Amino acid sequence: MESMKRIFSVLVLSMIVMAHQTSAEESKGKDLINKVCTMSPSRDLCIQVLSSDPMKSPNANLKDLAIISLRVAANNASGILTDAKKLINDENLAPDVQQGLADCKETILDAQSQLDDTIAALLQDSQANAKVWLKAAFAAIDTCDASIPGDDDVLSVESVAFRKLCNISFTIVGLLAKPQLF
Ligand SMILES: *[C@@H]1O[C@H](CO)[C@@H](O)[C@H](O)[C@H]1NC(C)=O
Ligand SMILES: *[C@@H]1O[C@H](CO)[C@@H](O)[C@H](O)[C@H]1NC(C)=O
């Protein structure tokens with residue numbers, strides 16, 4: 001009888017310890033978003049982006065947040081592509097500007113598919129590949145910037161915003177390599 005009591009109390013004790021550990025380890029949703037975004041250079045944008053999925057955001061883990069941010073960035077790229085297509089059709093543009101826009105459009109299209117590849121890599125739990133694809137997306141944005149002269153035109157401004165979004169994803173993918181932080 002004594003030994004039964006002892007086993008029982010050990011059991012209860014270990015259950016309490018386990019429950020305590022999981023609640024301490026798994027930060028999720030809003031709490032995790034706040035923690036992650038203090039590490040992003042654009043904190044407010046980061047919170048806005050990561051809270052934008054009404055289904056996933058409230059209970060998101062780190063990987064979910066990475067995917068939410070990548071989807072937002074890929075959508076942003078689609079918007080940029082739409083604007084680039086409109087601009088290219090402007091007949092008043094100088095031929096070199098038109099060529100620059102066309103080149104930029106191609107590279108943003110590349111960046112967009114590299115963001116999809118980043119998501120695919122994360123879904124397979126390959127953070128290393130995710131990083132490689134994201135870096136390729138940054139390189140594509142650089143190429144776009146280099147192909148349009150000046151930096152206050154619509155496309156250059158949009159590319160700065162797009163880069164910020166990719167940078168948020170980059171921060172989170174980096175954190176995925178050290179989940180013990182949370
Ligand atoms: C891209 O995202 C930025 C930052 O959220 C936003 O200001 C901009 O309007 C977006 N652009 C497009 C074309 O969706
Ligand atoms: C992200 O932004 C920070 C601050 O602006 C910058 O130092 C860093 O190089 C950026 N990361 C990438 C991969 O562009």
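Before reading further, recall that the structure is shown in the block above.
Residues numbered from 1 in each chain as written. Chains lettered and ligands numbered in written order. Predicted model: local features only at pLDDT ≥ 70, side-chain atom pairs only at ≥ 80, totals over all residues. Heavy atoms only, no water.

## What to know about the site of ligand 1
Surrounding ligand 1, one finds L45, N76, G79, I80, E158, A161 and L165. Protein chains bury 55% of the 360 Å² of accessible surface belonging to ligand 1 in isolation. Counting only elements with at least two residues in the shell around ligand 1, the list comes to α4 (62-88) and α7 (154-176). Of the residues assigned to the shell around ligand 1, the class counts are four nonpolar, two polar and one charged. (Near = heavy atom within 4 Å. Areas by Shrake-Rupley, 256 points an atom, 1.4 Å probe, with all protein chains shown as cover. Helix = DSSP H or I, 4+ residues; strand = E, 2+ residues; numbered from the N terminus. Nonpolar A, V, L, I, M, F, W, Y, C, P; charged D, E, K, R; others polar.)

## Side note on unusual backbone geometry
The general pattern is negative phi for most residues beyond glycine and trans for most peptide bonds. At D125, a position not held by glycine, the phi torsion is positive, near 55°. If you trace the backbone, D125 turns up in the loop between α5 (95-123) and α6 (127-147).

## Concerning the nonpolar core
Core analysis: the largest hydrophobic core is formed by 46 residues, its most contacted members being L50, L65, L115 and F162. Where this core is concerned, the elements lending two or more residues are α2 (29-37), α3 (43-50), α4, α5, α6 and α7. When residues in this core are grouped by element, the largest group, 13 residues, is from α4. Among residues more than four places away in sequence, those in contact with L50 are I33, V36, C37, S57, L65, I68, S69 and I172. (Core = buried A, V, L, I, M, F, W, Y, C linked by side-chain atoms within 4.5 Å. Buried < 20%, exposed > 50% of the residue type's maximum accessible area, 1.4 Å probe, protein only. Contact = heavy atoms within 4.5 Å.)

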